[in-house]
Amino acid sequence: MKEILIHPAYFGPVSQFVALVKADKVFFENEDNYQKQTYRNRMYIYDSNGKLLLNIPIKHRSALTGEPKEAGKHQLYKEVKIENDFEWQKQHWRALKASYQTSPFFEFYEDEIHPLYHKKFDYLLDFNYACLEFVTEALQLDLDFQKTSEYILHPEDVKDLRPLINSKRKFKFEHEEYTQVFQDKHGFLPNLSILDLIFNEGPNSTNYIEAQEFKF
């Protein structure tokens, strides 16, 4: 893939980072409307009971403006605020520690990721870019990327991978198994958050990603 258009996500799934690494240039969508049930504000990790959803609560437009929900007005992704009245950061951090503290590399990255769950972020998009920065530094990825300045429904000369943000959409992505903490209980769970790969594979995660096939 030469150039791709993709959404920034909350520690997006492995498939997203395979796409990012395979691309020559990346455009992050900054001008679209927010949608529910996407990786914009959710990620999936592996805990002792299997696949676990971690969801960031957001302030909906009706709560911010006082307009009725049926008004039908969309909210831009970049304008979505996090609902920090809930202790979601504390909950997510506890879940990550409970799930990965016995993984080979959690302690190796703990000090770098800790601030993301102990610093207040007002906007979801800002937080997701901070998550992306952690991953690129952890994996030593030199991404050539830009942020879009306008929304284009049918972009030309770029591979549109924006549908990857939809956590409910099924698409063909098969990747090699790597050792997961609770694999002996529930088997290998594919395409979890990139954090699952990082905490289990550490510095080898980059080599792993580069070796995967991506078809969409």
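The text that follows walks through the structure, step by step, so that each part is easy to find. From a predicted model like this one, the values you see are computed outputs, not experimental measurements.

1. Things to note about the overall build of the protein
- A tally of helices and strands in the protein yields eight helices and eight strands.
- Rg of the C-alpha trace for the protein: 17 Å, near the compact-globule value of 17 Å for 216 residues, within the 12% margin.
- Here the C-alpha coordinates of the protein stretch approximately 50 × 45 × 30 Å along the principal axes.
- Within the protein, the proportion of its 216 residues that are buried is 51%.
- Taking all contacts inside the protein whose residues are at least 6 apart in sequence as the whole, residues at least 24 apart take part in 71%.
- Carbon and sulfur atoms form 44% of the exposed surface of the protein, whose accessible area is close to 11400 Å².
- For the protein, the separation between the mean place of its 27 positive charges and that of its 34 negative charges on side chains is 7 Å.

2. Let's talk about the pattern of salt bridges
- Taken as a whole and judged by the stated rule, the model has nine salt bridges.
- Residue Asp 160 pairs with Arg 162 through a salt bridge whose shortest N-O separation is 2.8 Å.
- We classify Asp 160 as partly exposed; its relative accessible area is 24%.
- Look at the salt bridges and you will find they share partners, linking Glu 29, Asp 160 and Arg 162 into a network.

3. Considering the environment of Gln 140
- Mapped onto the elements of the fold, Gln 140 is located in the loop between α5 (124–138) and β7 (145–147).
- Spatially, the C-alpha atoms of Gln 140 and Leu 96 are 22 Å apart, while their sequence positions differ by 44 residues.

4. Remarks on the side chain of Arg 42
- Take Arg 42: it is sitting in strand β3 (residues 42–47).
- Engagement of the side chain of Arg 42 in a polar contact is seen with the side chain of Tyr 44, the distance being 3.2 Å.
- Leave out the neighbours within four places in its chain, and Arg 42 touches Tyr 10, Gln 37, Leu 53, Leu 54, Asn 55, Ser 167 and Lys 168.

5. Brief notes about helix α3 (residues 88–100)
- With 13 residues, α3 should cover 18 Å at 1.5 Å per step; its first-to-last C-alpha distance of 18 Å lies within 8% of that length.
- Of all the residues in α3, the buried ones are Trp 88, Gln 89, His 92, Trp 93, Ala 95, Leu 96, Ser 99 and Tyr 100. Each buried residue of α3 lies within a common arc of 160 degrees when the element is viewed along its axis, so the set occupies one face. Along α3, exposed side chains directed more than 90 degrees from the buried face belong to Gln 91, Arg 94 and Ala 98.
- Looking at the buried side of α3, the elements it contacts are β3, β4 (50–55), β6 (81–82), α4 (106–113), α5 and α7 (194–201).

Calculation notes
- Residues numbered from 1 in each chain as written.
- Predicted model: local features only at pLDDT ≥ 70, side-chain atom pairs only at ≥ 80, totals over all residues.
- Heavy atoms only, no water.
- Helix = DSSP H or I, 4+ residues; strand = E, 2+ residues; numbered from the N terminus.
- Rg over C-alpha atoms; globule rule 2.2 N^0.38 Å.
- Buried < 20%, exposed > 50% of the residue type's maximum accessible area, 1.4 Å probe, protein only.
- Contact = heavy atoms within 4.5 Å.
- Areas by Shrake-Rupley, 256 points an atom, 1.4 Å probe, with all protein chains shown as cover.
- Lys, Arg positive; Asp, Glu negative; His and termini not counted.
- Charge placed at Lys NZ, Arg CZ, Asp CG, Glu CD.
- Salt bridge = Lys/Arg side-chain N within 4 Å of Asp/Glu carboxyl O.
- Polar contact = N/O pair within 3.5 Å; in protein donor to acceptor, adjacent residues only side chain to side chain.
- Expected span 1.5 Å × (residues − 1).
- Arc of directions from axis to C-beta.

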